[in-house]
Every structure is written in C-alpha cells, then in structure tokens.
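Fold and contact review
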Amino acid sequence: MSAPTKIRATAKDGITEVRMLMQHDMENGRRKDEADNLIPAWYITEIKAHHNGKIVLEGRFGTAVSKNPYLVFRFRGGATGDKIALSWLDNQGDMRSDEVGIS
Amino acid sequence: MKAGINLERRNALKTGGWLGLLAVAGLIRPGAASADWLKAAFAAKTIGEALDAMGALIPENSSAIQITTPEIAENGAVVPVTVDSSLSRTEQISILVDKNPTMLVASFDIPEGTEGYLTTRIKMAQTATVIALVKVNGKFYRASKEVKVMKGGC
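Note that the structure is predicted; figures quoted are calculated from it, not measured.

A word on the pairing of strand E7 (residues 95-101) of chain A
As a general feature of sheets, a regular strand has side chains that alternate between the two faces. Residue and element names in this part refer to chain A. Here strand E6 (residues 83-90) runs beside E7; their pairing, made up of 7 bridges, is antiparallel. When the sheet's bridge partners are listed, Trp88 is paired in E7 with Arg96. Between E6 and E7, which pair antiparallel one after the other, the connecting turn spans 4 residues, and Gly93 there sits at a positive phi close to 90 degrees.

Spelled out as structure tokens, the structure:
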C-alpha cells in the first residue's frame, strides 16, 4: 500500500506554488538485493496535478527520478481553500491520488 | 557522402516533420501521442537517440533557460535540479543527463497558466552534464550544466 503524497500549496501575489513529496521507492531495475537477485524496476511513470479539477501539470518519469520524488511548480491564479490534487501511476499499475487546500 | 546527407534529411523529415505536421493539424495533443515517442525517449541510451525520439533534432542553446544544480553532488542518488524558463509559452520541460544508463529523467507538459518553472531531485550515475530541454511553439531550446558527482547513485 502506498503512502500519501505530502502536498503544500501556497498562494501569493497571484501565483500558487505547489510543493510535493511522493512516497515511492523508484527502483531502477538494475540494483541487486543481498542475495544477489535483481530488484525489479518499480517506479512512478506518470503524475498529474489539478487545481479545482483543471490540469496544471502533467509529468512523465523514467527511473532516474530520485526515491520519494520531490517536485515544485508554480501556476498563475489559485486562492486560499482551492483544491490541489496530485495523482500518480507506477509501472506496476499501482496508483494514488491526494488532495489538499491552498493555504 | 551524399547518401549520408540524404539519409539524415530523411530521418529529420520522418521524425520532426511528421510529428510536427500532426501537431499543426491538431490531430494529436502533445499528451495523447506521448506513449510511443516517450517510451523510445525513456529507453534512449545516447543523447542523440533521446533527442531524436522527442523530435528535438538540434535544440538551440538559450540564455532564457536557467538551470540550477549544485556544482558538486556528494550523493548522486539525490541531486536537486531547478529549471526556470522565461521563454513565453513554455509548453514542455524535460530533464536529461548525458552519462546516465538512460538519458531522459523526466518530461513535463506545461499547460497555459502554469509557469516554466520546475524543481525536482534526480539520480546521477557519475559526473555528467544535466540538460534542460524546453519546447516552445513546437521548437526546442536547451541549457546545460555540468555536475561533479562524488558517489554515483543510479
């Protein structure tokens, strides 16, 4: 079971800045465990961020995004209380969506 | 010699031209056609392959793109990168590393209303050049920066 994405969104001077920390191992498929077996690739492939249901960022990841992906972006508009949602999908079909209000 | 040039031109027309035409005709959204070319781009093992897959044949250097990284990264598993593009209507930002096992790290579509600004953390296998590739109005621009990596983390 995946852990929630930590999201913080703050609006200031007409710009909303969104900071996100996704919880994911981001295994590249080339590492080996203690018994020398390859650890299968397991990583987020797609992310989508929405502001009140409207898409504000869409991203695609390879395996070289660091473990527990961190992302900051900015969009014009946004007011206190508006909803920011972040959803991701990984290469094993797991997905997750989290939402916060802009502060 | 002549054959080589023709071949190059042909490839250019095939990749850039074809995708460009489809995009202009409005037949594909940047996101909708992504599956195939992104798969190829993420699998690319050389910068040339990656750029080719993305339809970015020879991106122009642009001083309007700021790329911020540490000069020296102690740990290649977590290297902070910020890309700030002041090119108006930046539609896509991609981050590549020229000496990683695969070149393309991440690619972002920037809808109207979202700034050409992104911060993330990436893995680097060794000392290498981080490239920010920015797409504006179907054209690609780039900025790059070398990062010395003490301990590889790919």
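What about the interface of chain A and chain B?
Chain A puts 23 residues into the contact, and the matching count from chain B is 28 residues. Of all the secondary structure elements, the ones that give two or more residues to the side of chain A that touches chain B are strand E4 (54-61) and strand E5 (70-76) of chain A. Taken together, the residues of the side of chain A that touches chain B sort by class into 12 nonpolar, 6 polar and 5 charged. Judged from the 4 bridges that link them, E5(A) and strand E7 (residues 114-122) of chain B form a sheet pairing that is antiparallel.

A look at the nonpolar core
Core analysis: the biggest nonpolar cluster contains 61 residues, and B:Ala50, B:Ile95, B:Leu96, B:Val97, B:Val105, B:Ile122 and B:Ala132 have the highest contact counts within it. Broken down by element, this core gets its largest block of residues, 6 residues, from strand E8 (residues 128-136) of chain B. In contact with B:Val97, not counting residues within four places along its chain, are A:Ala64, B:Met103, B:Val105, B:Ile122, B:Met124, B:Ala128 and B:Val130.

Points about the environment of A:Tyr43
Residue and element names in this part refer to chain A. Here Tyr43 lies in the loop between strand E2 (15-21) and strand E3 (44-51). Under the C-beta neighbour-count criterion, Tyr43 is labelled buried, with 20 such atoms within 10 Å. Distance from Tyr43 to Gly62, taken between C-alpha atoms, is 7.6 Å for residues 19 residues apart in sequence. Tyr43 has contacts with Met26, Glu27, Phe61, Thr63, Asp90 and Asn91, leaving out every residue within four places of it along the chain.

Reading the values: rules and limits
- Residues numbered from 1 in each chain as written.
- Chains lettered and ligands numbered in written order.
- Predicted model: local features only at pLDDT ≥ 70, side-chain atom pairs only at ≥ 80, totals over all residues.
- Pairing = 2+ DSSP bridges.
- Helix = DSSP H or I, 4+ residues; strand = E, 2+ residues; numbered from the N terminus.
- Contact = placed C-beta atoms within 7 Å.
- Nonpolar A, V, L, I, M, F, W, Y, C, P; charged D, E, K, R; others polar.
- Core = buried A, V, L, I, M, F, W, Y, C linked by C-beta atoms within 7 Å.
- Buried ≥ 20, exposed ≤ 12 C-beta atoms within 10 Å, placed from the backbone.

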